[in-house]
Every structure is written in C-alpha cells, then in structure tokens.
Amino acid sequence: MRKQYRADGLDEGELAGGPMEQFGRWFGQAAQEGGVFEPNAMVVSTADAEGRPSSRTVLMKAYDEQGFVFFTNYDSRKARDLAENPYVSLLFPWHAVARQVIVSGTARRTGRDETAAYFRTRPHGSQLGAWASVQSSVIYSRAELDAAYAELLARYPEGEQVPVPPNWGGFRVAPRSVEFWQGRWNRLHDRLRYVAEPDGSWRVERLSP
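For the structure given in this document, a descriptive report is provided here. Because the structure is predicted, anything quoted here is derived from the model rather than measured. (Residues numbered from 1 in each chain as written. Predicted model: local features only at pLDDT ≥ 70, side-chain atom pairs only at ≥ 80, totals over all residues. Heavy atoms only, no water.)

### Description of the nonpolar core
Line of reasoning, step 1. Counting residues in hydrophobic clusters, the biggest one holds 32 residues, and the most contacted among them are Phe-23, Trp-94 and Val-101.
Line of reasoning, step 2. The set of elements that each furnish at least two residues to this core consists of helix 1 (19–33), strand 1 (41–47), strand 4 (67–73), helix 2 (77–84), strand 5 (87–94), strand 6 (99–109), strand 7 (168–182) and strand 8 (190–196).
Line of reasoning, step 3. Element by element, the count of residues in this core is highest for helix 1, at five residues.
Line of reasoning, step 4. Ignoring anything within four residues of it in the chain, the contact list for Trp-94 reads Phe-23, Trp-26, Phe-27, Ala-30, Val-36, Pro-39, Arg-99 and Val-101.
Line of reasoning, step 5. Core analysis: the next-biggest nonpolar cluster, separate from the first, contains 12 residues, Phe-119, Val-162, Val-164 and Trp-168 among them. (Core = buried A, V, L, I, M, F, W, Y, C linked by side-chain atoms within 4.5 Å. Buried < 20%, exposed > 50% of the residue type's maximum accessible area, 1.4 Å probe, protein only. Helix = DSSP H or I, 4+ residues; strand = E, 2+ residues; numbered from the N terminus. Contact = heavy atoms within 4.5 Å.)

### Here we look at the packing of aromatic side chains
Line of reasoning, step 1. Within this structure, the stated rule accounts for 17 aromatic pairs.
Line of reasoning, step 2. Centroid distance Phe-23 to Phe-27: 5.6 Å. Interplanar angle 15°. Geometry classified as stacked. Pair noted here: Phe-23 and Phe-27 are both in helix 1, with a separation of four residues, about one helical turn. When sorted by exposure, Phe-23 lands in the same class as Phe-27, which is buried.
Line of reasoning, step 3. Summarising the aromatic geometry, the rings of Phe-23 and Tyr-63 are spaced 5.0 Å apart at their centres and angled 80° between planes, so their arrangement reads as edge-to-face. Placement of the pair is Phe-23 in helix 1 and Tyr-63 in strand 3 (residues 62–64), with a sequence separation of 40 residues.
Line of reasoning, step 4. Among the aromatic side chains, those forming a connected cluster through ring pairs are Phe-23, Phe-27, Tyr-63, Phe-68, Phe-92 and Trp-94.
Line of reasoning, step 5. Positioned above the aromatic ring of Trp-26 is the side chain of Arg-99, whose terminal nitrogen or guanidinium carbon lies 4.1 Å from the ring centre.
Line of reasoning, step 6. It is Arg-109 that lies over the ring of Tyr-74; its NZ or CZ is 3.7 Å from the centre. (Phe/Tyr/Trp six-rings, centres within 6.5 Å; stacked < 30°, edge-to-face > 60°. Lys NZ or Arg CZ within 6 Å of the ring centre and 35° of its normal.)

### Some thoughts on the pattern of salt bridges
Line of reasoning, step 1. The tally for this structure, following the rule as stated, stands at 14 salt bridges.
Line of reasoning, step 2. Arg-206 serves as the salt-bridge partner of Glu-12, at 2.8 Å between the closest nitrogen and oxygen. Placement of Glu-12 in the segment before helix 1 and of Arg-206 in strand 9 (residues 202–206) is noted, with a sequence separation of 194 residues between them.
Line of reasoning, step 3. A relative accessible area of 36% means that Glu-12 is categorised as partly exposed.
Line of reasoning, step 4. Overall, the relative accessible area of 39% leaves Arg-206 in the partly exposed class.
Line of reasoning, step 5. Between Glu-21 and Arg-25 there is a salt bridge, with its nearest N and O atoms 3.5 Å apart. Remark: Arg-25 and Glu-21 occur in helix 1; sequence separation between them is four residues, near one turn of the helix.
Line of reasoning, step 6. We classify Arg-25 as partly exposed; its relative accessible area is 35%.
Line of reasoning, step 7. When salt bridges with common partners are traced through the structure, they connect Glu-12, Arg-184, Asp-190 and Arg-206 into a single cluster. (Salt bridge = Lys/Arg side-chain N within 4 Å of Asp/Glu carboxyl O.)

See the structure below:
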C-alpha cells in the first residue's frame, strides 16, 4: 500500500519566526481545508521511570506560546508516567494533507483555575464522565461503568453544576523542538525542525527524509 504525496514543498523562507506561530498556520489550514478529521487529535507518547513507552490519542484543547494543553485524569497511565518522567512527545498526524507535526518537550500540570475554567466548557455528559471513569484502572464490566455514570446523572441532573474532580486536570507541554513534516514525491519529504536555544530563540534545521 503506497501513496504519492503532494508536490508542494516546505521552504525555510516560508516559515514563521517561531514554532507556535508556524503551528497556528498549519493547524488553521488543516481545520479549514477539510478532510482532516479532528485536527486537534494528537498522539501523546510517554515513558515511565524505567523507560517503558506508551502512546495514546488525546485532544489538544489549547495552544499558546507556552505550549500545547490537554486534559486527563491524574490517575491515568499517562499522568503517572509524567509524574515520574516529564519528557513527552506529541504527534499530529494530518494524513489527509500529507503533513505531520512532531513535538518534543516537557509536561507540567496546569493550574486549578485553568483546569476549572476548561471543565466548565465541557458538555454536561463529559463532566459526569470525568467522575465516572477511574481512567486506566481495570473494571469488571461495561455495566459497572454505566452504573457509575447513571448514579452521577441522578445526583447532578442536566442544569446542575458538576464540581471539578480533584484528580482531574490539564498538562501543558512546553516544546524543546517542533518538526514540520511535509510529504513530497518519491519519499523525498521536507522536514524542517525548530530547536530551542538557551537564549530563548529558535534554530531551524532541515532533516534528511
């Protein structure tokens, strides 16, 4: 199974001054051009204290000059990994436009105010889901999960304010490098990577495909 990628390339002269501005450009194009399902979906890869890796897809909920934000249960495997080893990789796989963005950086928890502000924007059902699921834990059956949700729904019906779970919140990934990958003909892809310098500036380097 093989597909030829687009001929349009990525040139150093086209890049923004910093990776977050460049990400904003590509993210906007991925969201507007169509064909990219959930462009804010990203693969988060972590490793525990012994270096054993794990990956999963989560939804990016915000990005700014400080990094990329996602939310999770702090008892989940990824959160436990990050408590032991803050180094993380993010991958945005925009197959429909033959692009990828690969981020390497470190994660830290968001403040409770930021977490609460985001939690209030979630649909009522998603708020209850954050309470019902003890993420990454072994459960006996689906019925057990559904029963937990039903109990919460009875306690907090639609329109009732749902408190923020104490063990739930966000992580902000501060990038140390951000690679922009553009598929090209004959597998001669363009790969341009921003690398953080000690003075806060960014160095751009081209990688061989």
